[in-house]
Amino acid sequence: MKKREIPLVAVFFMLLLILLPQPNQAAFAFPEISYDDGTVEIYYTPAPNDIIAVRFSPPADTFKLSGMRLYLNVSNKKNVRVWVWDSSRTNFLMTPHNTTISFSGGPWYSVDFGEFGPIFTPVNVSDFYIVLQWIYSGAPNIGVDKSSTSGRSWYNASGALQQYSGNIMLRAQVEDINPPSFDHIPMRFAIAGEDLTLSMEVIDEFGVTAVTLYYRENGSSGAFGAISLTLTGDPTNGIWYGTIPGINVTLNGLEYYIWATDIGGNSRYYGNSTTPHVVTVLVQAFEMPLLLSIISIVVISAAAVILYIVLPPYKGVDTK
């Protein structure tokens, strides 16, 4: 590359970064874990008191196992016993309890674990089994998928669980229970009449869906204005930013707080309407002497260094 081409290349990359589209809509995290592609190829029919089990590998996040969905060929409610094992199939993560399978749309039926649902964190996360026992006569057919992800399903045979050749279509429903967190240093100063841009990192294991900035004149009793912030980056740990118009940045100062919500509907405030963050607004002219002083110091220091290098060393006056 020729020396004169370097500025052109730099300008090209800066324009590329500016013009590239940035995501502004948070992507939804999965509401369930499944190991089938939704295609029923065969059916399994359990006998009364038979057990089926499906093994799941959860994400390393904090979440609640809130329930399950099962593919059945019936339209009426059925009673079952359900529980959750750890990966060794020796410890209960959710103790057995009787519940009802209810219709949830199409051929899918659901079971809500309610207060019994176990909570997983990055500390205790591990593979787990959802186990279902049929405690009634006339068990329905259960969808089985011969998907490429196999080796996840077990069924009762000769009094013991044996691996099934396909994936029984049972899906673990996951619930996000942790609110987002913020990485933001509150703004302290602004310039009167100039737009004030704020940015912050908002973190959530499953994904942030919206961040709103509320602001008003400092000490005002009026309503807060609201700005929906824009996301740059990943919804799990991206940067959200927005701008307060300069017309609202007056010498009376500003106060603001931030609200964020995630895919699970959990929300958190950074500051609030009672104890907002306060921004002191300065007059533009007050900033200029400081800027000029800094420039002068830099110029004088640079000149001193150049003179020190260029001028010959001082040898003193010859008195002889």
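None of these values were measured; they are calculated from a predicted model.

Asks: How do you make sense of the environment of R89 when you look at a structure like this?
Replies: One can find R89 in the loop between β5 (78-86) and β6 (92-103). R89 sits 39 residues away from F128 along the chain, and the two C-alpha atoms are 8.2 Å apart. Those residues in contact with R89 that sit more than four places away from it in its chain are Y129, W154 and L161.

Asks: What is the right way to read the packing of aromatic side chains from this model?
Replies: Geometry of an aromatic ring pair is reported as the spacing of the ring centres plus the angle between the planes. This structure, assessed with the given rule, holds 15 aromatic pairs. Ring centres of F63 and F120 lie 5.2 Å apart, and the angle between their planes is 15°; this geometry places the pair in the stacked category. Here F63 is found in strand β4 (residues 63-71), whereas its partner F120 is found in strand β8 (residues 119-120), with 57 residues between them in sequence. Exposure remark for F120: the relative accessible area of 3% places this residue in the buried category.

Asks: Explain the nonpolar core to me, please; I cannot follow it from the model alone.
Replies: If you look at soluble globular proteins, the nonpolar side chains tend to sit buried side by side. Of all hydrophobic cores here, the largest spans 35 residues; its most connected members are F56, L70, F113, I130, L132, W134 and L170. When contributions to this core are tallied by element, the ones reaching two or more residues are β3 (51-56), β4, β5, β6, β7 (108-112), β9 (128-134), β10 (142-145) and β14 (170-176). Look past the residues within four positions of F113 in its chain and what remains in contact with it is L65, S66, G67, M68, V82, V84, M94, H97 and I130. In terms of nonpolar packing, the next biggest core, distinct from the first, is built from 23 residues, L213, I244, L254 and V279 among them.

Asks: Could you clarify how one ought to interpret the pattern of salt bridges in this entry?
Replies: Oppositely charged side chains may form a pair once their charged atoms are brought near each other. Under the defined criterion, the tally for this structure stands at five salt bridges. In this structure, E255 and R216 form a salt bridge, with 2.6 Å as the shortest nitrogen-oxygen distance. Highlighted residues: E255 in strand β22 (residues 254-262) and R216 in strand β18 (residues 208-217), separated in sequence by 39 residues. Across the pair, R216 and E255 agree in class, each one buried.

Asks: Quick question: what am I supposed to make of the sheet that holds strand β21 (residues 239-244) here?
Replies: Remark on secondary structure: sheet strands pair via backbone hydrogen bonds, oriented parallel or antiparallel. Taken in spatial order, the four strands of this open sheet run β15-β17-β21-β20, and their pairing is antiparallel. Strands at the two margins of the open sheet, each flanked by one partner only, are β15 (181-183) and β20 (230-232). When strand polarity is set aside, the average angle formed by the axes of neighbouring strands in this sheet is 35°. Relative to β21, β20 is paired through three bridges, and the arrangement is antiparallel.

Asks: Help me understand the environment of G238, please; the structure alone is not making it clear to me.
Replies: If you trace the backbone, G238 turns up in the loop between β20 and β21. Taking the relative accessible area as the measure of exposure, G238 reaches 3% and is therefore buried. Residues contacting G238, with those up to four places away along its chain left out, are M200, E201, V202, L231, T232 and G233.

Asks: Help me out: how do you make sense of the sheet that holds β10 in this one?
Replies: The strand order across the open sheet formed by three strands is β2-β10-β13, and the pairing between neighbours is antiparallel. Two strands bound the open sheet, and with one partner strand each, they are β2 (42-44) and β13 (167-168).

Basis of the calculations
- Residues numbered from 1 in each chain as written.
- Predicted model: local features only at pLDDT ≥ 70, side-chain atom pairs only at ≥ 80, totals over all residues.
- Heavy atoms only, no water.
- Helix = DSSP H or I, 4+ residues; strand = E, 2+ residues; numbered from the N terminus.
- Contact = heavy atoms within 4.5 Å.
- Phe/Tyr/Trp six-rings, centres within 6.5 Å; stacked < 30°, edge-to-face > 60°.
- Buried < 20%, exposed > 50% of the residue type's maximum accessible area, 1.4 Å probe, protein only.
- Core = buried A, V, L, I, M, F, W, Y, C linked by side-chain atoms within 4.5 Å.
- Salt bridge = Lys/Arg side-chain N within 4 Å of Asp/Glu carboxyl O.
- Pairing = 2+ DSSP bridges.
- Axes fitted to C-alpha atoms, helices over the stretch in contact; angles between N-to-C directions.

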